[in-house]
Amino acid sequence: MAGFTKYNHFLPSKVRDRALENRLTVFTGPLEWRTTGKELTMKFGYFDDQSREYVITQPDTPLPWINYLGCEAYFGIISNTAGGYSFYRDARLRRLTRYRYNNVPFDFGGRYIYLRDQESGKFWSPSWQPTRHELTNYSCRHGMGYTSIGSTANGIEAETRYFVPLGENLEIWQLTVTNRRDTPAKINAFSSIEFCLWDAQDDATNFQRNFNTGQVEVEDGVIYHKTEYRERRNHFAYFACSEKLAGFETQRESFLGRYRSWDSPAAVEAGQLGNSIAHGWSPMGAHQVNIELEPGETKQIVFLLGYHENPVAEKFDPPGSQIINKKTVKPVIAKYLDAKNADAAFDELRQYWQSLLGIFQVNSPDAHTNRMVNIWNAYQCMATFNMSRSASFYESGIGRGLGFRDSNQDLLGFVHMAPARARERILDLAATQLPTGGAYHQYQPLTKRGNNDIGGGFNDDPHWHIIGVSAYLKETGDWSILHEPVQYDNEPGSEQPLYEHLQRSFNYTLSRLGPHGLPLIGRADWNDCLNLNCFSDTPGQSFQTTTNKEGKVAESVFIAGLFVHSGRELAAIASRCGLTEEAEKYLTESAKMESVILEHGWDGAWFLRAYNDFGGKIGSKECEEGKIFIESNGYCTLAGIGLDDGKAASALAAVNEQLATKHGIVVQQPAFTHYYIEMGEISSYPPGYKENAGIFCHVNPWIMIGETRIGHGDLAHDYYSRINPSAREEISDLHRCEPYVYAQMIAGKDAPDFGEAKNSWLTGTAAWNYYAIVQWILGIRTTLDGLQINPVVPKNWPGFTATRLYRGVTYNITIERQGEGNAIALTVDGKLIEGNVVTPPTDGSKEVTVKGILS
Ligand code: GLC
Ligand code: GLC
């Protein structure tokens, strides 16, 4: 309990009081909830919707609550205590700073500032970490692309604003220090970061080499990190400060002292940095600035951390030397060290987000819906688009590149905000497609090449490409993309129009049908962990990459539903291109598949999930465990299968009875209680976690969309609310992840910590929930022909308003409820229209008023 009294004021009061009584070590969160059987209601901050910020008021959140800096090429992850790291484009191959995983919630390695009172010798970090001293008025404001962390200690108020200016490969830290004492103060301010030797994986493993390679230069107070620049790299990092330095460090040991850590660096304690120059070991950057402040006086210090490349032939200055050529970097540094320019860049960033988020705004009777749709969910869609699943506090940045399936789905939530970047992403993805129509499961963002280590053979992958391209066409109407020549497997000479890639995606499945005429599953389908051909019996073997059986038997009903959906989307595209015969073919094949599903994929009351390698059913009433799954029931109903004959309604009712819980809908039931070699990774997870009956938030929206298709606005929105992070804010000590973004998973009812979220930020949940609420529940839906308005909202909503900027036209939409149903009558600029699709104005007007009456 050392440290308990020191930090206790940050603990939730209930927990603290009890702990004080019992003098026990305290844990917040699920453990507490589990032992008392009560749900705690506890928040660690609040939403400031006006400023589009989440304000954290207590630093020891259950887990690090993070934000992303940067939205183009330079990125940073930053926690509420200034932890996290930075990278250029690729979190594995171009890592600028170090971070230590496996310590969560102890979040460690970051952009740390230390302040030290010269007279008393007391030092502390205004962001709480890494010193964890007592602070007053701590707050961390996570905003759109920036984070500000501040507090007061020893009468000194300090706040640091971190952000990445648009169009630049650098981050700015603006530190403002104010003297709140009534006497003058003499303060030492220190900055610090630890450089990573570029390849984050190698940096964390290859010490026999790395302890010898580190190199830096210090010139005019700027610390340049140039490990390996002397040989094959033409890029370096820099860490600069706006003020005259009283010292610097570049060697970690000199800064920390032997056997010390970041919570009490020897040089900070001593109040003097030692001007070390790193040779090998662990290069770092620290600046020291001494400031004197009159009572009430404020000073600002700007720090820059950046990445820069030189042309290979111009690496050195003078040529032939080993000194970095700084000609092109110096002006950039000078520009942003000027606080005026930094402020201007910050304003520009605010404007940028203002305009992106302005593309769709809703005002509904539900504050959580508004907040997520208008601010945080859209913002999270941008992060998932940029990062895919590569870099968060749960994705180490060294494990995964950009997923083919994931990135295509991410487009659904992002395409309206940055169509040009969506276009580029679509073409990059298509270029990694294999000539068979199949796909590499992942590609590296830096090289844009398919990742051979992971390979392919996930038989759902190609269809997501059709879904992604279709979303792009519906948003933009940019048909030219279909004619873009794109390589297969990045092979020069293999270029074919994008449209052909889509054809191959579709045909991929037609040539891989199983005994019932359903699609063969291959390595896995959407559920990476349903590995029906793997039969792995070796510990540690990767289910994702181990050699599979040929797999001529195991079939996926989920892929079948996806095929029906993608076939219809492709048919619509083909017919708009005048390819009537082809469109017919896609429709015929989709219809055929639909009847195969109804014949062999229907279990009596819900859709089967799959057939295993022995031809046995998965997701059937006949199974002992895993009787019913969310994916096939979600996707088939989303695709409109069984709408006419009550099968969709029956499947959704079964999901409601057997899979829905108060914290969301679980993947399947009953959970697998032991390992099934013929099922693979799904049964490797303890019951209630991840794909083994966890609440996988990504797939919940499929059920929501299904419910809208049968007209159940109440239930659709209820499901939406169960996993809406803002609506779960009140139970933050149970939920534990950030209340402003979705997590991949919430522990299911079979787990001891039912309701606890994990793996926040990078998840298909962002795009799918955004898509479900905006396009299906609010019903403001893009189509190839125009904007469809078809809300299926709760009965007790009197209506809502929304604005949508679509293909250059602003639609001001007002929906009014006059009856309990979902029938809609639309007037456009005062004129009643037929149907519910608003086509673009023909008179060139840029603003349209749409009024819908629900009855
Ligand atoms: C992860 C993967 C995604 C997969 C899902 C279910 O979210 O990124 O591709 O579909 O898990 O296994
Ligand atoms: C594991 C996870 C799954 C994820 C996959 C990605 O299988 O359980 O959720 O999609 O890894 O590689």
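Scoring rules and cut-offs
Residues numbered from 1 in each chain as written. Chains lettered and ligands numbered in written order. Predicted model: local features only at pLDDT ≥ 70, side-chain atom pairs only at ≥ 80, totals over all residues. Heavy atoms only, no water. Disulfide = S-S within 2.5 Å. Buried < 20%, exposed > 50% of the residue type's maximum accessible area, 1.4 Å probe, protein only. Helix = DSSP H or I, 4+ residues; strand = E, 2+ residues; numbered from the N terminus. Contact = heavy atoms within 4.5 Å. Pairing = 2+ DSSP bridges. Near = heavy atom within 4 Å. Polar contact = N/O pair within 3.5 Å; in protein donor to acceptor, adjacent residues only side chain to side chain. Areas by Shrake-Rupley, 256 points an atom, 1.4 Å probe, with all protein chains shown as cover. Axes fitted to C-alpha atoms, helices over the stretch in contact; angles between N-to-C directions. Core = buried A, V, L, I, M, F, W, Y, C linked by side-chain atoms within 4.5 Å. Nonpolar A, V, L, I, M, F, W, Y, C, P; charged D, E, K, R; others polar. Salt bridge = Lys/Arg side-chain N within 4 Å of Asp/Glu carboxyl O.

A few words on the state of the cysteines. All chains considered together, the criterion is met by zero disulfides. We note that Cys71 lacks a disulfide partner, and the nearest cysteine sulfur, in Cys381, lies 14 Å from it. Its relative accessible area of 7% is what places Cys71 among the buried residues.

Glancing now at the side chain of Ser148. Take Ser148: it is sitting in strand S10 (residues 146-153). With residues up to four places along the chain from it excluded, the contact list for Ser148 reads Ser139, Cys140, Arg141, Glu159, Thr160 and Arg161.

This part takes up the sheet that holds strand S26 (residues 555-556). Strand order in the open sheet formed by three strands is S26-S27-S28, with antiparallel pairing between adjacent strands. This sheet does not close on itself; its edge strands, each paired only once, are S26 and strand S28 (617-618). Pairing geometry for S26 and strand S27 (residues 610-611), over two bridges, is antiparallel. For Ser556, the partnering residue across the bridge sits in S27 and is Ala610.

Position of Ile187 among the secondary structure elements: in strand S13 (residues 185-198). A residue is classified by how much of its surface remains accessible, and Ile187, at 0% relative accessible area, is buried. With 44 residues separating them along the chain, Ile187 and Glu231 place their C-alpha atoms 41 Å apart. Those residues within four positions of Ile187 in sequence are excluded, and the remaining contacts are Leu115, Arg116, Asp117, Gln118, Ile156, Val289, Asn290 and Ile291.

In the region of ligand 2, the neighbouring residues are Arg400, Asp528, Cys529, Gln544, Glu681, Tyr685, Lys690, Glu691, Phe696 and Gln744. Within the side chain of Lys690, an N or O atom sits 3.0 Å from an oxygen atom of ligand 2. Side-chain polar atom of Glu691 to an oxygen atom of ligand 2: 2.7 Å apart, as the coordinates give it. Burial of ligand 2 by the protein chains amounts to 82% of its free accessible area of 310 Å².

On the basis of which strands lie adjacent, the open sheet formed by 10 strands has the order S1-S2-S9-S10-S11-S12-S19-S16-S15-S14 and antiparallel pairing. Only two strands of the sheet have a single neighbouring strand rather than two, namely strand S1 (45-48) and strand S14 (216-219). Averaged over neighbouring strand pairs, the angle between their axes works out to 15° when direction is ignored. Here strand S11 (residues 156-163) pairs with strand S12 (residues 170-179) via eight bridges, running antiparallel. By the bridge assignment, Arg161 is partnered in S12 with Gln174. Its contacts with the sheet place helix H8 (residues 329-337) against S12, S14, strand S15 (222-225), strand S16 (235-241) and strand S19 (298-309), and it is angled at close to 30° to S16. Set on the sheet, helix H9 (residues 339-357) makes contact with strand S2 (53-56), S10, S11, S12 and S19; between it and S11 the angle comes to about 60°.

By size, the foremost hydrophobic cluster in this structure holds 242 residues, and its most contacted members are Tyr238, Phe255, Leu304, Ile597 and Ile789. Apart from the residues within four sequence positions on either side, Phe255 is in contact with Tyr114, Ser192, Glu249, Trp262, Pro265, Ala266, Ala267, Val268, Leu273, Met284 and Ala286. Counting five residues, the second largest nonpolar core, distinct from the first, contains Leu402, Leu429, Ala439 and Tyr443.

Residues in contact with ligand 1, as listed here, are Arg389, Arg400, Arg405, Asp406, Trp526, Asn527, Asp528, Glu691, Phe696 and Gln744. Within the side chain of Arg405, a nitrogen or oxygen atom sits 2.8 Å from an oxygen atom of ligand 1. At a separation of 3.0 Å, an oxygen atom of ligand 1 approaches a polar side-chain atom of Gln744. For ligand 1, whose accessible area on its own is 310 Å², the fraction buried by protein is 97%. Class assignment for the residues of the shell around ligand 1 results in two nonpolar, two polar and six charged.

With that out of the way, let us pick up the environment of Lys585. If you trace the backbone, Lys585 turns up in helix H16 (residues 580-600). The exposure class assigned to Lys585 is partly exposed, which follows from its relative accessible area of 35%. For the pair Lys585 and Ala571, spaced 14 residues apart in sequence, the C-alpha to C-alpha distance is 7.9 Å. Filtering out sequence-adjacent residues up to four positions away, Lys585 remains in contact with Asn507 and Leu510.

Our next topic: the pairing of strand S39 (residues 809-817). Residues Val809, Tyr811, Ile813, Ile815 and Arg817 line the buried face of S39, whereas the alternating positions Thr810, Asn812, Thr814 and Glu816 sit on a face that is not buried. Both strand S38 (residues 799-806) and S39 contribute to a ladder of eight bridges, which runs antiparallel. Note that in S39 the partner of Tyr806 across the bridge is Val809. Here S38 folds back onto S39 in antiparallel fashion, the turn holding two residues, of which Arg807 has a positive phi close to 45°.

Take unusual backbone geometry next. Omega for the bond connecting Asp317 with Pro318 falls within 30 degrees of zero, at 0°, which places this linkage in the cis form. Tracing the chain through its elements places Pro318 in the loop between S19 and H8. Gln669 connects to Pro670 through a cis peptide bond whose omega is -20°. Summarising the element assignment, Pro670 is placed in the loop between strand S32 (668-669) and strand S33 (695-696). Positive phi, normally seen in glycine, also occurs at Asn137, with a value near 55°. By secondary structure assignment, the location of Asn137 is in strand S9 (residues 136-143). Non-glycine residue Arg807 carries a positive phi angle of around 45°. In this structure, Arg807 sits in the loop between S38 and S39.

Inspection of the secondary structure assignment puts Ile710 in the loop between helix H19 (700-709) and helix H20 (713-723). Other than its neighbours up to four places away in sequence, Ile710 contacts Leu643, Ala648, Ala649 and Leu652.

Mapped onto the fold, Asp753 is located in the loop between strand S34 (743-746) and strand S35 (757-760). Overall, the relative accessible area of 10% leaves Asp753 in the buried class. A distance of 2.4 Å separates the side chain of Asp753 from the side chain of Tyr689, its partner in a polar contact.

Side chains bearing opposite charge may pair, as long as their charged atoms lie close to each other. Inspection of the entire model under this criterion finds 53 salt bridges. Notably, a salt bridge pairs Asp613 with Lys549, separated by 2.7 Å at the nearest N-O pair. Of this pair, Asp613 sits in the loop between S27 and S28 while Lys549 is found in the loop between helix H14 (498-510) and S26, placing the two residues 64 residues apart along the sequence. With relative accessibility at 12%, the residue Asp613 sits in the buried group. For Lys549, a relative accessible area of 41% puts it in the partly exposed group. Among the salt bridges present, the one from Lys647 reaches Asp645, with a minimum N-O distance of 3.2 Å.

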